[in-house]
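The lines below spell out each chain.
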Amino acid sequence: MAVPQQFEGKRRHLKPPIAKDGAGAGALMAFGAIWSAQLAGGLTVALSDGASVEDMTWVRLVWASLILIPIVRPWRLTYNRSTILICGLLGTVSAAMMMLYVMSIDRLPLGTSTALMFLGPLALAVVRASKSGKWWAVVAALGVVALTEPWQGGADPYGVLYALGGGLSWALYILLSQRAGDSVGGLHVLAISFPVAAIVTTGAVGGAVVTRIPVEMIFNGFVLAILLPVLPYIMELAALRRMTASSFGILMSLQPAVAVVIGIVVLGQVPKPNMLAGILLVLAAGVGATRNGGRRAKPQTLPTTDTEASYQTGGIHGREDLRKR
């Protein structure tokens, strides 16, 4: 997907360049982003004995805002009313996505929850896929059946609903990111939307969270904020300067598999055979839909100097836009 940003001065039309000699480094960065994000999910559950996962999410968003704002310095750009509105909506959806995610992994195995949430961006990929690519929706549906075991009622229904709600929020996040990317660079969007997400989360958990959160959880929240969202966002933006969009999207489809590994190692969650099969089906659907679809890139209007490329696709935080400035 390509999103032009206008600049003053001489312009020229080009297709976004991809570094031909850095694909290997880009893949490593993408893998690092996936592992960082899923490790944050596992540690959120493991370290939340002294506080609820919802309170830990609030701490994490506050820290992410405090880290990104001085680094990005969003006040250096001029924003119109439409951009501010979109970024505000993006922050609200981000808060819903992260809250529903942690509420889900508090009730379901990490791999199951991640696979169910991944249905959100997967649905967008299926919609954008070619006619033959839409058959991957059937594969994903079979994966959901295997994961949720409706014949046994084994999966926590609230956990399933939270995960599916998180997936819907993830899909909305992708769409809003594309709109926000029309006029603002990737990290600038985050520097605006994360403070909004922190404010929204404060309303969800209650203002008393400031007094009830244990001191040690404040430090844990800082570590979790580094693991997700700060480090993955930066690594993904760097990876996408070195990789094609389709290659990056396929790597992002591996998130449910990585979540299974983190669940086993960090939380001792060994999946049953049918759940493992369901995760593999969702993973296969993600790879297949990504190879058959996606938003087509358009020629961009670029300045002759000071260019910056970033592309965002359906990763943990649902990013899918390509910008140049």
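Residue positions are given per chain, counting from 1 as you read along its sequence in written order. Whole-chain, interface and lining totals are the exception, using all residues; otherwise, since this is a predicted model, local features are given only for residues with pLDDT of at least 70 and side-chain atom pairs are given and counted only at 80 or more. Computation of side-chain values: all heavy atoms of the structure, hydrogens and water removed.

Draft legend 1. Structural detail: the overall build of the protein chain. Helix and strand content of the protein chain: 13 helices and 4 strands. When contacts within the protein chain are restricted to residue pairs at least 6 apart in sequence, long-range pairs at least 24 apart make up 87% of them. In the form shown here, the protein chain has an accessible surface area of approximately 14100 Å², with 67% of it arising from carbon and sulfur atoms. Counting from the N terminus, the helices are DSSP H or I runs at least four residues long and the strands are E runs at least two residues long. We call two residues contacting when some pair of their heavy atoms lies within 4.5 Å. Note on areas: these come from Shrake-Rupley sampling with a 1.4 Å probe, and a residue is covered only by the protein chains present in the view.

Draft legend 2. Fine view of helix α6 (residues 136-148). Its 13 residues place the ends of α6 19 Å apart at the C-alpha level, agreeing with the 18 Å of an ideal helix rising 1.5 Å per residue. Classification of residues uses two cut-offs on accessible area relative to the type maximum, computed with a 1.4 Å probe and protein chains only: under 20% is buried, over 50% is exposed, and between them is partly exposed. The set of residues buried in α6 consists of V139, A140, G143, A146, L147 and T148. In this structure, the buried residues of α6 make contact with α4 (110-117), α5 (119-128), α7 (157-180) and α13 (273-292). A helix is expected to span 1.5 Å for every residue after the first.

Draft legend 3. Summary view of a nonpolar patch on the surface. Patches here: salt-bridge-free residues with over 30% relative accessible area, like charges joined within 9 Å, nonpolar side chains (Val, Leu, Ile, Met, Phe, Trp, Tyr) joined within 5 Å. Any carboxyl oxygen of Asp or Glu within 4 Å of a side-chain nitrogen of Lys or Arg constitutes a salt bridge here. On the surface, a cluster of nonpolar side chains totalling about 550 Å² of accessible area is made up of F31, W35, V261, I264, V265 and V270. Elements supplying a minimum of two residues to the nonpolar patch: α1 (23-46) and α12 (255-267). By the element assignment, F31 lies in helix α1.

Draft legend 4. A look at unusual backbone geometry. Cis geometry marks the peptide bond from L228 to P229, where omega comes out at 20°. Along the polypeptide, P229 turns up in helix α10 (residues 215-239). Its identity is not glycine, yet R73 carries a phi of approximately 50°, on the positive side. With respect to the helices, strands and loops of the structure, R73 is situated in the loop between α2 (53-72) and α3 (81-105). Positive phi values are uncommon outside glycine, yet E149 reaches one of about 50°.

Draft legend 5. Structural context of the packing of aromatic side chains. Think of it this way: a Phe, Tyr or Trp ring, Trp meaning its six-membered ring, pairs with another when their centres are within 6.5 Å, and the plane angle makes it stacked under 30 degrees, edge-to-face over 60, tilted otherwise. Across all of its chains, the model carries 3 aromatic pairs by this definition. Considering the side-chain rings of W63 and F222, the 4.9 Å spacing of their centres and the 75° angle between planes classify their relative orientation as edge-to-face. You can see W63 sitting in helix α2 and its partner F222 sitting in helix α10, a full 159 residues away along the chain. The class of F222 is partly exposed, set by a relative accessible area of 32%.

Draft legend 6. Region of interest: the nonpolar core. Each nonpolar core is a collection of buried residues, namely Ala, Val, Leu, Ile, Met, Phe, Trp, Tyr and Cys, held together in the definition by side-chain atoms within 4.5 Å. Within the largest apolar cluster, 70 residues are counted, with the highest numbers of intra-cluster contacts made by A30, L116, L122, L147, Y173, F194 and F248. A total of 11 residues in this core trace back to one element, the largest contributor, which is α3. When near neighbours in sequence (up to four residues on either side) are disregarded, L116 contacts L108, V144, L147, T148, V160, A163 and L164. With 10 residues, the next largest nonpolar core counts M56, V59, M217 and L224 among its residues.

Draft legend 7. Quick peek at the pattern of salt bridges. Here the structure, examined in full by the defined rule, presents 2 salt bridges. We note a salt bridge from D55 to R212, for which the minimum N-O separation is 2.8 Å. Separated by 157 residues along the polypeptide, D55 in helix α2 and R212 in helix α9 (residues 209-212) bring together distant segments of the chain. The exposure class of D55 is buried, given its relative accessible area of 6%.

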